[in-house]
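This is what each chain is made of:
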Amino acid sequence: MAAARSTFQGILPKRFAARWLDTHAPGAWTNQALAQLERQVHEWVLEPAGTEGYEKAEVTAGGVDTDELSSRTMESRRVPGLFFIGEVVDVTGHLGGFNFQWAWASGAAAGRVV
């Protein structure tokens, strides 16, 4: 269990990894049980219960590195024809509509070339 926890915490936030293993730990550490654990991780679906609306909206952090994208078209430099816009891109602005503006502007830039 310690090895699994250490591995999970190396790739996921520590508290999330610990909670995941608390609720999904295999009953045995067999190859079949580990394969099932791997399937659970890869097939996990998160369904939000709802939102608190625009009044409480916040920005995310992280995402696709801007160095990996064309600043003119938002197209991936590595995968032609693949575009990233809005909060999927690692751009963070101040609260007050700046992130909405980024989402609309990056979408418009990509939309012009698609």
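Given the structure is predicted, the values throughout are model-derived calculations rather than measurements.

Bringing the environment of Gly97 into the picture now. Along the polypeptide, Gly97 turns up in the loop between α3 (31-43) and α4 (98-113). Here Gly97 falls in the partly exposed class, since its relative accessible area comes to 32%.

Attention shifts here to the environment of Phe16. Take Phe16: it is sitting in helix α2 (residues 14-24). The spatial distance from the C-alpha of Phe16 to the C-alpha of Gln40 is 15 Å, given a sequence separation of 24 residues.

Here the focus is the nonpolar core. If you look at soluble globular proteins, the nonpolar side chains tend to sit buried side by side. One finds Ala4, Phe8, Ala17, Trp20, Leu21 and Leu37 forming the largest nonpolar core, which totals six residues. At the level of secondary structure, the elements contributing two or more residues to this core comprise α1 (2-11) and α2. Ranked by residue count, the leading element in this core is α2, at three residues. Among residues more than four places away in sequence, those in contact with Phe8 are Ala17, Trp20, Leu21, Leu37 and Val41. Grouped together as the second largest cluster of nonpolar side chains are five residues, Leu69, Val89, Ala109 and Ala110 included.

This part takes up α2. Helical periodicity: at 3.6 residues per turn, an α-helix aligns residues three or four positions apart in one direction. Every buried residue of α2 is accounted for by Ala17, Ala18, Trp20 and Leu21. Seen from one end, α2 has its buried residues packed into an arc of 160°, which puts them on one side. Facing away from the buried side of α2, by more than 90 degrees, are the exposed residues Arg15, Arg19 and Asp22.

What follows is about the confidence of the model for the protein. Residues at a pLDDT of 70 or more form 98% of the protein, whose mean pLDDT is 88. Model confidence for the protein, summarised as mean pLDDT per element, is weakest for α1 at 85 and strongest for α4 at 92.

A surface patch of nonpolar side chains, amounting to about 280 Å² of accessible area, comprises Met1, Trp29 and Leu34. Mapped onto the fold, Leu34 is located in helix α3. Looking at Leu34, the relative accessible area reads 35%, which means it is partly exposed.

Viewed as axis vectors pointing N to C, α2 and α3 meet at an angle of 125°, and their least axial separation amounts to 12 Å. One way to sum up the angle between α2 and α3 is to call them oblique. In this structure, α2 meets α3 at a crossing whose hand is right-handed. The segment α2 lies against α3, with Trp20, Leu21 and His24 engaging Leu37, Gln40 and Val41. Class assignment for the residues of the contact of α2 with α3 results in four nonpolar, two polar and no charged.

Rules behind the numbers
- Residues numbered from 1 in each chain as written.
- Predicted model: local features only at pLDDT ≥ 70, side-chain atom pairs only at ≥ 80, totals over all residues.
- Heavy atoms only, no water.
- Helix = DSSP H or I, 4+ residues; strand = E, 2+ residues; numbered from the N terminus.
- Buried < 20%, exposed > 50% of the residue type's maximum accessible area, 1.4 Å probe, protein only.
- Core = buried A, V, L, I, M, F, W, Y, C linked by side-chain atoms within 4.5 Å.
- Contact = heavy atoms within 4.5 Å.
- Arc of directions from axis to C-beta.
- pLDDT = per-residue confidence, 0-100.
- Patch = residues over 30% accessible without salt bridge, like charges linked within 9 Å, V, L, I, M, F, W, Y side chains within 5 Å.
- Areas by Shrake-Rupley, 256 points an atom, 1.4 Å probe, with all protein chains shown as cover.
- Salt bridge = Lys/Arg side-chain N within 4 Å of Asp/Glu carboxyl O.
- Axes fitted to C-alpha atoms, helices over the stretch in contact; angles between N-to-C directions.
- Parallel < 35°, antiparallel > 145°, perpendicular 65-115°, else oblique.
- Left-handed = near helix turned anticlockwise from the far one by under 90°.
- Nonpolar A, V, L, I, M, F, W, Y, C, P; charged D, E, K, R; others polar.

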